Amino acid sequence: MKKIVLFDLDGTLTDSSEGILNSVRYMLEKKELAIPDEATLESFIGPPLTDTLKQLYDLSEEDANDAVEVYREYYGEQGIKQLAVYAGIEEVLDELAVEYCLAVATSKPEFYAKQIIESTGLSKYFSGIFGADLAGERSNKTDVIAYALAQLEETTAVMIGDRKFDILGAKANQLKSIGVLYGFGDRQEMLEAEADFIVATVEELPEAIKKSF
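Residue numbers restart at each chain and count upward from 1, following the sequence in its written direction. Given that the model is predicted, a residue must reach a pLDDT of at least 70 before its local features are reported, and side-chain atom pairs must reach 80 or more before they are shown or counted; all residues, however, enter totals for whole chains, interfaces and linings. Hydrogens and water are ignored here; the side-chain numbers use all heavy atoms of the structure.

Participant: Mind showing me how you'd approach the sheet that holds strand E5 (residues 128-132) here?
Facilitator: Strand pairing within a sheet occurs via backbone hydrogen bonds; the two strands may be parallel or antiparallel. As summarised here, the arrangement of the six strands in space is E5-E4-E1-E6-E7-E8, forming an open sheet in which the pairing is parallel. Each edge of the sheet is formed by a strand with only one pairing partner; in this case those strands are E5 and strand E8 (197-199). Here the strands of the sheet are splayed against their neighbours by 25° on average, with no regard to which way each runs. Here strand E1 (residues 3-7) runs beside strand E6 (residues 157-161); their pairing, made up of four bridges, is parallel. Only strands that DSSP links by at least two bridges are regarded as paired with each other. The helix count covers DSSP runs of H or I at least four residues long, the strand count covers runs of E at least two residues long, and both are numbered beginning at the N terminus. Here an angle of 0 to 180 degrees is reported between the N-to-C directions of two axes, which are lines fitted to C-alpha atoms, with helices fitted over the stretch in contact.

In C-alpha cells, the structure reads:
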C-alpha cells in the first residue's frame, strides 16, 4: 500500500482566512462579544472554535456551542466560498498522488471540508477527507488524525499543517510532521511544537515528505 500523507486544510491547502474571519466577526457581533485586534482574530484559524471562545471569552460549553451555531449561519452560506487554493498546491498534489495516498485531516467539520475540496477541484487527489463531526465530539486534531488513520487502516503516515495543533496531533499519534510557513503559523510556533521538518514554500513539500518516511 502507498504511504499516507495527511494534509491540514485551512492554511495548508487553502487560504481560507477571509471566510473564517468574516464568519467570526459575524458571530461576535451577533453574540455581542468584543471584536479583538486582527492578530487575536487570526487565532481563531486552526483550533476548534469552542476552544478559542472558551479561552478568549471565558464562555461555558453551552454558550460556546451556541456561538458556533451562529458562526455557521454565515460560514455555511458565504464564508465557505471565501477562499483560494494556494499557488502551486495542485501541481504538488498531482506529483505526490503518483507515489503516495493523500488524505485531508482537518479540525473543520467534515461536512464543510468535503464541500470545499469538491468546489476547489481537488477531490481527485484525495483518498479520504476526514474532519470534525458537527456535534463537536471529534474536534481536536489528535482525534481527527486517529480517526483518519483508522478509516484508512494505516499507521504509517506523515501530517502536514501550518499550526502547532497539527504538529502536536501528529506526535500524539506517533507520526512524523511537516510544518508549513506559508499558512497561519510561524517558524517559532513550529519550533516550539517540534515539527520534524519545516518548509517555507509549497514547492518544498515533496522533498520534505520524501525525507519523512
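Past the structure itself, the notes keep going.
Participant: Would you mind going over the environment of valine 180 with me for this structure?
Facilitator: Mapping valine 180 onto the fold places it in strand E7 (residues 176-180). Placed 105 residues apart in sequence, valine 180 and tyrosine 75 show a C-alpha to C-alpha distance of 25 Å. Whether two residues touch is decided by their heavy atoms; if any such pair falls within 4.5 Å, the residues are in contact. Leave out the neighbours within four places in its chain, and valine 180 touches Gly11, Thr12, Ile160, Gly161, Asp162, Met190, Val199 and Leu205.

Participant: Teacher, can you tell me more about the side chain of serine 212 here?
Facilitator: Position of serine 212 relative to the elements: it lies in helix H10 (residues 205-212). Beyond its immediate chain neighbours, meaning those up to four positions away, serine 212 contacts Val158, Lys176 and Phe197.

Participant: Just checking my understanding: could you explain the packing of helix H5 (residues 89-96) against H10 for this structure?
Facilitator: Between two packed helices, both the angle of their axes relative to each other and the distance between the axes serve to describe the pair. At a minimum axis separation of 10 Å, H5 and H10 run at an interaxial angle of 35°. Contacts between H5 and H10 involve Val92, Glu95 and Leu96 from the first element and Leu205, Pro206 and Ile209 from the second.

Participant: Sorry, what's going on with the pattern of salt bridges here?
Facilitator: Note that side chains of opposite charge can pair when their charged atoms are close. We count a salt bridge whenever a side-chain nitrogen from Lys or Arg sits within 4 Å of a carboxyl oxygen from Asp or Glu. Applying the stated criterion to the full structure yields ten salt bridges. Note that aspartate 8 and lysine 141 form a salt bridge whose closest N and O atoms lie 3.1 Å from each other. In this pair, aspartate 8 sits in the loop between E1 and strand E2 (14-15) while lysine 141 sits in helix H7 (residues 141-152), placing the two residues 133 residues apart along the sequence. In this structure, aspartate 8 and lysine 141 share a single accessibility class: buried. With a shortest N-O distance of 2.5 Å, lysine 54 and glutamate 61 are connected by a salt bridge. Glutamate 61 sits in the partly exposed class, given a relative accessible area of 42%. Only protein chains enter the accessibility calculation, which uses a 1.4 Å probe. A residue is then buried if its area is under 20% of the maximum for its type, exposed if over 50%, and partly exposed in between.

Participant: I keep staring at helix H6 (residues 110-119) and nothing clicks. Help me out?
Facilitator: An α-helical turn contains 3.6 residues, so any two residues separated by three or four positions project in the same direction. Turning to H6, its buried residues are Glu110, Tyr112, Ala113, Ile116 and Ile117. Projection of H6 onto a plane perpendicular to its axis shows the buried side chains occupying an angular sector of 155°, all on one side. Facing away from the buried side of H6 by more than 90 degrees, the exposed set consists of Phe111, Glu118 and Ser119. Against the buried residues of H6 lie E2, helix H4 (61-77), strand E4 (100-109), E5 and H7. Where H6 ends, the next residue or the one after it, glycine 121, has phi of about 80°, a positive value. Arc, as used here, means the arc of the directions from the helix axis to the C-beta atoms.

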